[in-house]
Amino acid sequence: MINAGFWHKVPVVRLFIPFVLGVGIDMFATLPIPYIVGLLFLSAAGCVYFYFYNPSLRLGWMPACFAYVCMFTCGILLHHLQDIRIRSDYFENIANSKWAVIRISEQPVARKKSWKSGAEIIGIIDSSGKAHAVRGKLLVYIQKSDSLAPVSYADRLLIPMHVLKQVAPPQNPGEFNYKRYLAFHQCYHQAYLRHAQYAKSAIPAEPTIYTYIYNTQAYFKHVLATYVQSKNEMGIAQALLYGYDDDIDEETVQAFANTGTLHVLAVSGMHVGIIFMILNTLLKTLDRNRYTKWLKAFVSLLILWIYSLLCGMSPSILRATVMFSFIVLSNTINRPANIYNTLAASAFLLMLFDCNIIANVGFQLSYMAVLGIVFLQPYIYQMLIFHSWAGNQIWKITSVSVAAQVATSPIGILYFHQFPNVFLFSNLFIIPLTTIILYGCLLLMVVSPIHFLASILGYIIYLIIAFTNILVLWVEKIPYAYIEGLQISIPQTLLLYAMAASIIAYFLRHEQLWFKSFLVFSFCFVCITSYTSIQQHKQFDLTVYNVSGHTAIRITRSRDSYILADSALYMDKEKKRFHLQQHIWNSGIESDVFEPIDERPRIIKAGNARLLVLSKSSLKSHGMADSVDMVICTAPYPVQKLLHIPSRKFILTSAMGAKQAERLKQKLLVAGREVVSVRETGAFQLSLYEYGN
């Protein structure tokens, strides 16, 4: 419980807050490192003075300020030093590079037309033939020819340097920033390899711990495929057992997301907690003396970390594993740890190895969920008292769900733009069912050598998973099961947390200061929301999207939208959601009128602007004699015909191939016309107010 002396009991939390602020600031701002180093030395000198040479003043406010500034600067410097690009052996720092030696660092995953995998750049051969040992990360796509991956983990490939390309930024407004996502993983390049563009080393790679991990995962997948059989149900079993979710169909994943239960498909604290409870029960007899207690601690830690490795060391499972490791050690030495210190220490430890982990959504959600459960759940649980066992258990699960949802909702809205209204109801049956499934999958691995028992257990697991899927899909179809299209910024997210913290503090402490703080934060939130709404009502824009092989043209006025696009794109839910939907939400669009592109030229009037859209049909003179402000081409028309159109601006859509668009662009440029190829520049956006309205 929080009381006046709370901050004195959580020194790790007090030091962690300025440290994480320093890391966060350095992630988005370039700071002068010499000044930061000087500030670090000054603050460290102040800490030494107050804590060693003048200990009588160590409890004042000044020593604390020196300590906080010291941790703040440490966060900045650590994040800067972890940037692989400043290292002298980073592969881009080697001049005249001609060939790269890469090592596959992940098991390849099948995509529609390629195999995708992470890789490490371990060597460079320059134009003189000299080899250099280097470091770097790379995202690799290998051309697909059959159902078997052409490479596997730890394979070494020789590839030409010219295939390495920098990861492109988002090509459409609001689109997921994959470049920034990879940058947080220290990966800045990608390569698409055709069959003739790489040579695989004939020398077999030496086995590493990951070799055994991937072999174990392959064995688990084989057992589940043998006894669970149905692909979608097997995919859910894999996700629950070791976090691999690529075999689950998109509809099922979306249903879990819409009902607020997607967290069960990502191996997290719940799964590690189940493993911890199983170990604690099985090894309980080792608590008899201090020597066997250390044996229990060693076995527990070994199994927990092996399970973490097996699940791919995701941030959420790393958080849980580190936290449970602290709990195991504190129980072994009979010194119960403060849970807030434990949380901060686990995050601190993970950030010492990788500061960018704080940008990971799983990391953020995991820590906020645990913080919400630890802090809020006891208060929520005390609000109601049930005398029956069943009622008490239901209320316990409900209070945990409410606490976790309150703590994670702002982050969920920021990243996923939706709120599951039925999360209370869905979690009541999903958490128990998935717990049973996880226990069943663990038992299946144990009895798999006994075919008869494994067949029966596998069929039972299949039935439970199928029943769970039916329930989730049914709940998703409940009217208003979820709210979609919620849009907030990072400042608004922080304000939501400040509002929640202030109102909770007011109810706990009954101090007017906290209520006034809540009102101030609420006022700031409303101001940002109002400003965004005013800007949306004033908008009058043209957007030509960049979606490879397709054309999509949107005119947005206030909160109404007209989109001209090919039907194949607009009816493809996955592509539409990835490339277009975020822009719709960002723009606050309420009415979206779709019209398919047909085979005739079309003139669109938007205010005083006249736009000519040329589709795949042959160019005709009808309707084109009048002047137009710009021409939007969806196919490579003959330049001679295009030059007869009285317009100086041409937009080439991504429906054209890259070479076709480039040839047409160069010819139009030679003719003195202004040309924009969205395939090259990304989506084209223009305010139509410059033409009058």
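Residues numbered from 1 in each chain as written. Predicted model: local features only at pLDDT ≥ 70, side-chain atom pairs only at ≥ 80, totals over all residues. Heavy atoms only, no water.

Spanning 26 residues, helix H16 (residues 451-476) covers 37 Å between terminal C-alpha atoms, matching the ideal 38 Å at 1.5 Å per step. Listed in full, the buried residues belonging to H16 are Ala454, Leu457, Gly458, Ile461, Ile465, Ala466, Thr468, Asn469, Leu471, Val472, Val475 and Glu476. Among the structural elements, helix H6 (209-227), helix H7 (231-242), helix H8 (250-258), helix H15 (423-447) and strand E11 (482-484) are those in contact with the buried residues of H16. (Helix = DSSP H or I, 4+ residues; strand = E, 2+ residues; numbered from the N terminus. Expected span 1.5 Å × (residues − 1). Buried < 20%, exposed > 50% of the residue type's maximum accessible area, 1.4 Å probe, protein only. Contact = heavy atoms within 4.5 Å.)

Right, let's talk about the sheet that holds strand E13 (residues 552-557) for a bit. Pairing within the open sheet is mixed, and its five strands lie in the order E15-E14-E13-E12-E21. A single partner strand is all that each edge strand has here, and the edge strands are strand E15 (591-596) and strand E21 (684-687). Averaged over all pairs of adjacent strands, the angle between strand axes in this sheet comes to 15°, irrespective of strand direction. Bridge analysis of E13 against strand E14 (residues 560-565) gives six bridges, and the strand direction is antiparallel. Across the sheet, the residue bridging to Arg557 is Asp560, located in E14. Most of the contacts of helix H20 (residues 573-586) go to E13, to which it runs at about 5°, and overall it touches strand E12 (540-544), E13, E14, E15 and E21. (Pairing = 2+ DSSP bridges. Axes fitted to C-alpha atoms, helices over the stretch in contact; angles between N-to-C directions.)

Membership of the largest hydrophobic core comes to 52 residues, with the highest contact counts inside it found for Leu224, Leu241, Leu444 and Ile461. Going through the elements one at a time, H6, H7, H8, helix H9 (269-282), helix H10 (290-310), helix H11 (315-332), H15 and H16 are the ones with two or more residues in this core. With nine residues, H15 is the single largest residue contributor to this core. One finds Phe19, Leu350, Phe375 and Trp395 within the second-largest nonpolar core, a separate group that totals 30 residues. (Core = buried A, V, L, I, M, F, W, Y, C linked by side-chain atoms within 4.5 Å.)

What follows concerns the pattern of salt bridges. Using the criterion set out here, one finds eleven salt bridges in the structure. Across the salt bridge formed by Arg509 and Glu511, the nearest N and O atoms sit 3.5 Å from each other. When the shortest N-O distance is used, the salt bridge between Glu680 and Lys665 registers 2.8 Å. Taken together, the positions of Glu680 in helix H23 (residues 678-681) and Lys665 in helix H22 (residues 658-670) put the pair 15 residues apart, joining distant regions of the chain. A relative accessible area of 47% places Glu680 in the partly exposed class. (Salt bridge = Lys/Arg side-chain N within 4 Å of Asp/Glu carboxyl O.)

The subject of this paragraph is the confidence of the model for the protein chain. The predicted coordinates ought not to be read in detail in places where the model reports low pLDDT. Residues with a pLDDT of 70 or more make up 95% of the protein chain, whose mean pLDDT is 85. Per-element mean pLDDT across the protein chain ranges from 72 in helix H1 (residues 6-9) up to 94 in helix H18 (residues 512-538). (pLDDT = per-residue confidence, 0-100.)

Okay, a nonpolar patch on the surface next. Residues Leu295, Phe298, Leu302, Ile303 and Ile306 make up a contiguous nonpolar surface patch of about 460 Å² in total accessible area. Summarising the element assignment, Leu302 is placed in helix H10. Assessed through its relative accessible area of 43%, Leu302 is described here as partly exposed. (Patch = residues over 30% accessible without salt bridge, like charges linked within 9 Å, V, L, I, M, F, W, Y side chains within 5 Å. Areas by Shrake-Rupley, 256 points an atom, 1.4 Å probe, with all protein chains shown as cover.)

Right, let's talk about the sheet that holds strand E20 (residues 674-677) for a bit. Read across the open sheet, the five strands follow the order E16-E17-E18-E19-E20; overall the sheet is mixed. Edge positions in the sheet fall to strand E16 (602-606) and E20, since each of these pairs with one other strand and no more. Sheet twist, expressed as the mean angle between neighbouring strand axes with direction ignored, is 20°. Note: strand E18 (residues 630-633) against strand E19 (residues 649-652), three bridges, orientation parallel. Within the sheet, the bridge partner assigned to Val631 lies in E19 and is Phe650. Packing of H22 onto the sheet brings it into contact with E19 and E20, and relative to E19 it is tilted by some 175°.

Turning our eyes to something else, we now look at the state of the cysteines. Disulfides are covalent bonds that link the sulfur atoms of two cysteine residues. Using the criterion set out here, one finds zero disulfides in the structure. Of all cysteine sulfurs in the structure, the one in Cys70 sits closest to Cys47, which takes part in no disulfide; the separation is 4.9 Å. Classification of Cys47 as buried rests on a relative accessible area of 15%. Free cysteine: Cys70, not disulfide-bonded; nearest cysteine sulfur from Cys74 at 4.4 Å. (Disulfide = S-S within 2.5 Å.)

Right, let's get into the side chain of Thr434. Mapped onto the elements of the fold, Thr434 is located in helix H15. A distance of 2.7 Å separates a polar side-chain atom of Thr434 from the backbone oxygen of Ile430. (Polar contact = N/O pair within 3.5 Å; in protein donor to acceptor, adjacent residues only side chain to side chain.)

To continue, consider the pairing of E19. Burial along E19 is two-sided: the face carrying Lys649 and Ile651 and the face carrying Phe650 and Leu652 are both buried. Summarising the sheet, E19 and E20 pair through four bridges and their orientation is parallel. Bridging across to E20, Phe650 finds its partner in Val675. In this fold, E19 hands off to H22, which returns the chain to E20; that crossover is right-handed. (Right-handed = clockwise from strand over helix to strand, strands pointing away.)

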